[in-house]
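The primary structure of each chain is shown beneath.
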Amino acid sequence: MSATMSDLLLDWYDRHARRLPWRVSTGERPDPYRVWLSEVMLQQTTTAAVAPYFAAFTARWPTVEALAAAPEEAVMAAWAGLGYYSRARNLVKAARAVADLGGFPDTEAGLRALPGVGDYTAAAVAAIAFGRRAVVIDANVERVVARLYAIATPLPGARKAIRVAADTITPGKRAGDFAQAMMDLGATICTARDAKCLLCPLQSACAARALGDPLRFPVKAVKKARPLRTGTAFWIERDEAVWLVTRPAKGLLGGMRALPDDGWLARADGHGEAPLAGAWKAAGVVRHGFTHFDLELGVATYAGEGVPAGEGQWWPLERLDEAGLPTLFAKAAERVLAQRSTDGED
DNA sequence: AAAACGTGGCT
DNA sequence: TAGCCAAGTTT
């Protein structure tokens, strides 16, 4: 009897599984909270970027009940720098829902109903935390399956065919290991820029390898160019404190603390007008890339006695690293403070 | 259903 | 370097 694809893959996984902070040793039942938390953090985010955040979150909030009891603001600040901030807001909502339920749903459908849990995450948690058979499809699995079956339809159109193919090779047992094995294979052997076919446990079954050009798959639609936007952020300082605002809950950097700005958007440049009349001085420019546009953000500092209108707070400079500024504004602040220390030395 | 939504690392 | 890419979800 010949080994199935899943047998070959699971044997490989038993020897080559990556060791990651959110994984447990073979045979141990993982904590659903840690599985869910890691999966949400890993959405569109590399394992290297996630590791320190996962450590910090699990140290500070060891259980879903602890996280449910945390102020949303504290969770948002702890998430600062990781990106896709709606994840943090949904994380709190989901934790509170789970706490109300008395524990995590143990089915894919139940998990899928939680905020911030989509098809991928529901399947991954059902499989990894609860051992349920689920078809787990992330970018790794998409790539591996597209190559295994030489699926020539461009993404995202190929998604249906990929799901059907993934379903046929997903085993009923060791569902969580199989899912993680596919992802490890995609992350270490069958990568986007390379295909180490000689090391691949599925090499003899792979159609793309048989065709001699594995990197041809998956075929992708061409992407649009990202526009370049310009805008300004404003640094208003008084008594060793800087004026910070909280951005609207939805949209770009939603719910995060920030420097006041001139209204730049993904679709429009900033208007350039400052929130206070008075003397402003250019303090530098920060380049920052978002998913769908690039931003050239000028930073202006204020020399005057005025107080900004509207909501905001004076944040002590010595505790600025606790403000939970997203990377864009952390860069802007760094630019102001670095320039100042240089000035001081001159 | 296409577009919005962050960031850092790698080539 | 400029672009590509990473354990996607929401609207």
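This structure is a prediction, so every number in the text was calculated from the model and none was measured.

Colleague: An account of the overall build of chain A is requested, with residue identities and associated values reported.
Modeller: A count of helical and extended segments in chain A gives 13 helices and 7 strands. With the C-alpha coordinates aligned to their principal axes, the bounding extent of chain A is approximately 85 × 50 × 35 Å. By sequence separation, contacts in chain A at least 24 residues apart represent 68% of the contacts at least 6 residues apart. Here chain A has roughly 17,700 Å² of accessible surface; of this, 53% comes from carbon and sulfur atoms. Computed over 41 positive and 38 negative side-chain charges, the separation of the two mean positions in chain A equals 9 Å.

Colleague: Any details on the protein's contact with DNA strand C? Residues and values, ideally.
Modeller: Taken together, 26 residues form the shell around DNA strand C, and within it Leu-42, Gly-116, Asp-138, Asn-140 and Arg-143 come nearest. Here the atoms of DNA strand C within 4 Å of the protein split so that 62% fall in sugar or phosphate, with bases taking the remainder. At a separation of 3.2 Å, a phosphate oxygen of DNA strand C approaches a polar backbone atom of Tyr-120. Its residues assigned to classes, the surface near DNA strand C shows 10 nonpolar, 7 polar and 9 charged.

Colleague: Go over the sheet that holds strand E1 (residues 228–235) with me, naming the residues and quoting the values.
Modeller: A sheet is described by the order of its strands in space; here 3 strands give the open sequence E1-E6-E5, paired in mixed fashion. Of all strands in the sheet, those bounded by a partner on one side alone are E1 and strand E5 (279–289). Neighbour-to-neighbour, the strand axes of this sheet turn through a mean angle of 25 degrees, independent of strand direction. Across 9 bridges, the pairing between E5 and strand E6 (residues 294–303) is antiparallel. Paired with Trp-280 across the bridge in E6 is Tyr-302.

Conventions we followed
- Residues numbered from 1 in each chain as written.
- Chains lettered and ligands numbered in written order.
- Predicted model: local features only at pLDDT ≥ 70, side-chain atom pairs only at ≥ 80, totals over all residues.
- Heavy atoms only, no water.
- Helix = DSSP H or I, 4+ residues; strand = E, 2+ residues; numbered from the N terminus.
- Contact = heavy atoms within 4.5 Å.
- Areas by Shrake-Rupley, 256 points an atom, 1.4 Å probe, with all protein chains shown as cover.
- Lys, Arg positive; Asp, Glu negative; His and termini not counted.
- Charge placed at Lys NZ, Arg CZ, Asp CG, Glu CD.
- Near = heavy atom within 4 Å.
- Polar contact = N/O pair within 3.5 Å; in protein donor to acceptor, adjacent residues only side chain to side chain.
- Nonpolar A, V, L, I, M, F, W, Y, C, P; charged D, E, K, R; others polar.
- Pairing = 2+ DSSP bridges.
- Axes fitted to C-alpha atoms, helices over the stretch in contact; angles between N-to-C directions.

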